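Observations on the three-dimensional arrangement
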Amino acid sequence: MIEFKLTGDYIQLIQLLKATNLVSTGGEAQIVVSEGEVTYNGQIDYRKRLKVKRGDLVEFRGNKIMVI
């Protein structure tokens, strides 16, 4: 599991995928989100600009990201 330390109030979902190096570009992040490859707190979520906050769990291709 990847633990991502949040410095502000939130991070957008596509930015989180880039910050954790699970995708190489913002464009790639937008594609995987729009294709339903990302789950947010156990549910598939298609919102690219979703505000991910502390305590949230994001999963992508077998990788779990816990935002702390």
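Residues numbered from 1 in each chain as written. Predicted model: local features only at pLDDT ≥ 70, side-chain atom pairs only at ≥ 80, totals over all residues. Heavy atoms only, no water.

Named according to an unreviewed UniProt entry, the protein chain is Ribosome-associated protein originating from Mucilaginibacter pocheonensis.

Turning our attention to the pattern of salt bridges. Tallied over the entire structure, the rule returns two salt bridges. Here Glu37 and Arg61 are joined by a salt bridge, their closest N and O atoms 2.9 Å apart. Taken together, the residues Glu37 in the loop between α2 (26-34) and β3 (38-40) and Arg61 in the loop between β6 (57-60) and β7 (63-67) connect sequence positions 24 residues apart. On the accessibility criterion, Glu37 (28% relative accessible area) is partly exposed. For Arg47, the salt bridge is made with Asp45, and the minimal N-O distance between the two is 2.7 Å. (Salt bridge = Lys/Arg side-chain N within 4 Å of Asp/Glu carboxyl O. Helix = DSSP H or I, 4+ residues; strand = E, 2+ residues; numbered from the N terminus. Buried < 20%, exposed > 50% of the residue type's maximum accessible area, 1.4 Å probe, protein only.)

A few words now on the sheet that holds strand β4 (residues 43-44). The sheet built from five strands is open, its strands ordered β1-β7-β6-β3-β4 with mixed pairing. Each edge of the sheet is formed by a strand with only one pairing partner; in this case those strands are β1 (2-4) and β4. Relative to β7, β1 is paired through three bridges, and the arrangement is parallel. Each residue of the ladder has a partner; that of Ile2, found in β7, is Ile65. (Pairing = 2+ DSSP bridges.)

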